[in-house]
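Okay, here's what each chain looks like letter by letter:
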Amino acid sequence: ILTSSYRTDSSSSVIMKAREVNERIADDVYKFVSRCITTNPATKVVLAGLAFKGKPETNDIRDSFAIVLGQKLQYSFADLQLEYWDPSINITEST
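Residues numbered from 1 in each chain as written. Predicted model: local features only at pLDDT ≥ 70, side-chain atom pairs only at ≥ 80, totals over all residues. Heavy atoms only, no water.

Visitor: I'm lost on the overall build of the protein chain in this one. Help?
Guide: The helix and strand inventory of the protein chain stands at 3 helices and 2 strands. Sequence-ordered secondary structure for the protein chain, helices as α and strands as β, is α-β-α-β-α. Per-residue burial for the protein chain yields a buried fraction of 25% across its 95 residues. Long-range pairs, those at least 24 residues apart, make up 61% of the contacts in the protein chain between residues at least 6 apart in sequence. With an accessible surface of roughly 7400 Å², the protein chain has 57% of that area assigned to carbon and sulfur atoms. (Helix = DSSP H or I, 4+ residues; strand = E, 2+ residues; numbered from the N terminus. Buried < 20%, exposed > 50% of the residue type's maximum accessible area, 1.4 Å probe, protein only. Contact = heavy atoms within 4.5 Å. Areas by Shrake-Rupley, 256 points an atom, 1.4 Å probe, with all protein chains shown as cover.)

Visitor: In this structure, what is going on with the packing of aromatic side chains? I would like to understand it.
Guide: Each aromatic ring pair is summarised here by two numbers: the centre-to-centre distance and the angle between the ring planes. Overall, the coordinates contain 0 aromatic pairs when judged by the stated rule. If you follow Lys72 out to its NZ or CZ, it ends over the ring of Tyr30, 4.5 Å from the centre. (Phe/Tyr/Trp six-rings, centres within 6.5 Å; stacked < 30°, edge-to-face > 60°. Lys NZ or Arg CZ within 6 Å of the ring centre and 35° of its normal.)

Visitor: Where do I start with the nonpolar core in this structure?
Guide: It is characteristic of soluble globular proteins that their nonpolar side chains tend to be buried jointly. In this structure, Val45, Leu47, Leu50 and Leu73 are the most contacted members of the largest nonpolar core, which totals 16 residues. Counting only elements with at least two residues in this core, the list comes to α1 (2–39), β1 (44–48), α2 (65–76) and β2 (81–85). Per element, the largest residue contribution to this core is 4 residues, and it comes from α2. (Core = buried A, V, L, I, M, F, W, Y, C linked by side-chain atoms within 4.5 Å.)

Visitor: How do you make sense of the side chain of Ser34 when you look at a structure like this?
Guide: Relative to the helices and strands, Ser34 is located in helix α1. Once residues within four sequence positions are removed from consideration, Ser34 is found in contact with Leu73 and Phe77.

Quick look at the structure:
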């Protein structure tokens, strides 16, 4: 029992660490793109790959990093030229 409990605890901590890394990456990307926009206000941003890519391929955009990033950027930069692109989904229906 102790061994299986240890495995469960380590698995969940690995999952939590992976989630923390993913969230940190999202913040880092936002900061990087924000600096680019601040340096050149005429910057046009295209966010690609909105849907989850797996097998089978889906058009599922729930919790999409790209959409959350786009929303944060639009909030911070009201005049930002922002487009979304993903061949798996119809953008106008999904955003």
